[in-house]
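Geometric and topological summary
Okay, here's what each chain looks like letter by letter:
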Amino acid sequence: MKFAKRDLLILLGFLGILAGVGSYFLVYQPYMERAEALEAENSQLQARINDLSTKMENKDSYEAETARMKEEIEQIFTKFPVDVREEDGVLLAINQELIAPMEISNVAITACQPVILDSTQEDVDHTYEIDEIEEYEAQEGIGDDPVSASDAAVNGVDNANMPSVLMDRTVTMNYLVSYEGVKRGVKSISMQDNRMSISSMNLSYDESTGLLRGTTVVNMYCIPGQPGKEYVQPNFSSVLLGSDNIFGSIELYSLGLTLPGEDEAAEGEEGEETATE
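Quick look at the pairing of strand β3 (residues 167-177)
The buried fraction of β3 amounts to 9 of the 11 residues, a majority that puts the element mostly inside the structure. Pairing geometry for strand β2 (residues 113-114) and β3, over 2 bridges, is antiparallel. Paired with Pro114 across the strands is Met167, a residue of β3. As judged from the 11 bridges shared by β3 and strand β5 (residues 211-222), these two strands associate in the antiparallel manner. Bridge pairing in β5 places Arg169 opposite Met220.

In structure tokens, the structure reads:
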């Protein structure tokens, strides 16, 4: 089969165009897309490197600020006891009865539990990849070493020696009190050495007594795990303990009633008195 020279040239030109188009779509375009992706990735990595470099330049100021914040946190911790026990809630109720004064009908004390704090601040989304950061630190020679680890411990970064979370024990008191007694009770709670707060207070007028019936819920806070600090037992020296009459007193004579066997005992005593005379 013979082709004319003109047809052969047209065929060769078509094959050349096809090869050029295939090379563009199969070779050139993928490489260009890859190059653009690498360029975008390099831009992101460069921004991260610049940020890490800035942080490294300000390392001393960060460490100084961390030490200052650690000292401030420790000062706040000293205002909280390491534990709040049931006897602390009982003593609080006794003091309320004496200081207000008020008549407490019952006291409910819950177990000590962690305090859940409502935070409105959104968490920062950290986008740094660990491998890339470690690679950068290895290149710049700023990786972790014994010195930096010790500095972190000194500056309070080591969480192993940090106290645990804030905890509280709830004390609920139901009572009968005057309006003046309510103000004294609230003032007494606000002046306590240990940290506590009134989470709720409900008062209603009692027509039968002319006083206020109320319920107060007090949260008593503590921070366990504070180094060098121990629980202090409450002082009950001002609380009257014991009773001269452990069986109590039953007054029935005003109602004209007598206890079983009382008549026989009275007759026996009269007989003994007669025999003595």
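Here we look at the side chain of Arg169
Residue position: Arg169 is located in strand β3. In terms of polar contacts, Arg169 uses its side chain to reach the backbone carbonyl oxygen of Val84, at 2.7 Å. Contact partners of Arg169, with chain neighbours within four places excluded, come to Val84, Arg85, Glu86, Ile109, Thr110, Ala111, Cys112, Val218, Asn219 and Met220.

Focus on the confidence of the model for the chain
On average, residues of the chain carry a pLDDT of 75, and 66% of them reach 70 or more. Here residues 121-128 scores under 50 on pLDDT; set against residues more than four positions off or in separate chains, the count is 5 contacts. Counting contacts from residues 143-160, a segment whose pLDDT is below 50, to residues more than four positions away or on other chains yields 14 contacts.

Quick look at the packing of helix α3 (residues 86-99) against helix α6 (residues 179-190)
At a minimum axis distance of 9 Å, the contact between α3 and α6 shows a crossing angle of 140°. In this view, α3 runs oblique relative to α6, as classed from their interaxial angle. By crossing handedness, the relation of α3 to α6 is classed as right-handed. Counting all contacts with α3, which are made through Leu92, Gln96 and Ile99, the residues of α6 involved are Arg184, Gly185, Ser188 and Ile189. A breakdown of the residues in the contact of α3 with α6 according to their chemical character gives 3 nonpolar, 3 polar and 1 charged.

Notes on the nonpolar core
The tendency in soluble globular proteins is for nonpolar side chains to be buried as a group. One finds Met173, Val177, Val218 and Met220 to be the most contacted residues of the largest nonpolar core, which totals 18 residues. Of all the secondary structure elements, the ones that give two or more residues to this core are α3, β1 (102-109), β3, α6 and β5. Considering each element in turn, this core owes the most residues, 5 residues, to β3.

Some remarks on the environment of Ile198
Mapped onto the elements, Ile198 comes out in strand β4 (residues 196-206). Accessibility expressed as a relative area gives 31% for Ile198, which makes it partly exposed. Distance from Ile198 to Asn219, taken between C-alpha atoms, is 6.3 Å for residues 21 residues apart in sequence. Residues within four places of Ile198 in sequence aside, it is in contact with Val186, Ile189, Thr216, Val217 and Val218.

Some points on a nonpolar patch on the surface
Taken together, Ile17, Val21, Tyr24, Phe25, Leu26, Val27, Tyr28, Tyr31 and Met32 make up a surface patch of nonpolar side chains, about 980 Å² in accessible area. The residue Phe25 is located in helix α1 (residues 5-57) in this model. Overall, Phe25 belongs to the partly exposed group, its relative accessible area being 48%.

Cut-offs applied
Each chain has its residues counted from 1, following the order in which its sequence is written. Since the coordinates come from a predicted model, pLDDT governs what is reported: local features require at least 70, and pairs of side-chain atoms require 80 or more to be given and counted, while whole-chain, interface and lining totals use all residues. Remark: hydrogens and water are excluded; side-chain values derive from all non-hydrogen atoms of the structure. Under the scheme applied here, a residue whose accessible area is under 20% of the maximum for its type counts as buried, over 50% as exposed, and between as partly exposed, the area being computed with a 1.4 Å probe on protein chains only. The helix count covers DSSP runs of H or I at least four residues long, the strand count covers runs of E at least two residues long, and both are numbered beginning at the N terminus. For two strands to count as paired, DSSP must find a minimum of two bridges between them. N or O atoms within 3.5 Å of each other form a polar contact, as long as, within protein, one can give a hydrogen and the other can take it, and as long as residues adjacent in sequence are counted only when both atoms are side-chain atoms. In this analysis, two residues are considered to be in contact whenever any of their non-hydrogen atoms come within 4.5 Å of each other. Confidence of the predictor in every single residue is expressed as pLDDT, which spans 0 to 100. Interaxial angle, 0 to 180 degrees, is taken between N-to-C directions of lines fitted to C-alpha atoms, where a helix line uses only the stretch in contact. By the definition adopted for this analysis, an angle is roughly parallel if under 35 degrees, roughly antiparallel if over 145, roughly perpendicular if from 65 to 115, and oblique otherwise. Should the near helix be turned anticlockwise from the far one by less than a right angle, the crossing is left-handed, and should it be turned clockwise, the crossing is right-handed. Amino acid classes used here: Ala, Val, Leu, Ile, Met, Phe, Trp, Tyr, Cys and Pro are nonpolar; Asp, Glu, Lys and Arg are charged; the rest, including Gly, are polar. Put simply, buried Ala, Val, Leu, Ile, Met, Phe, Trp, Tyr and Cys residues joined by side-chain atoms within 4.5 Å make one nonpolar core. Like charges are joined within 9 Å and nonpolar side chains (Val, Leu, Ile, Met, Phe, Trp, Tyr) within 5 Å, but only among residues with over 30% relative accessible area and no salt bridge; these make up the patches. Accessible surface is estimated by sampling points in the Shrake-Rupley manner with a 1.4 Å probe; for residues, cover comes only from the protein chains shown. Salt bridges are defined as contacts in which a side-chain nitrogen from Lys or Arg sits within 4 Å of a carboxyl oxygen from Asp or Glu.

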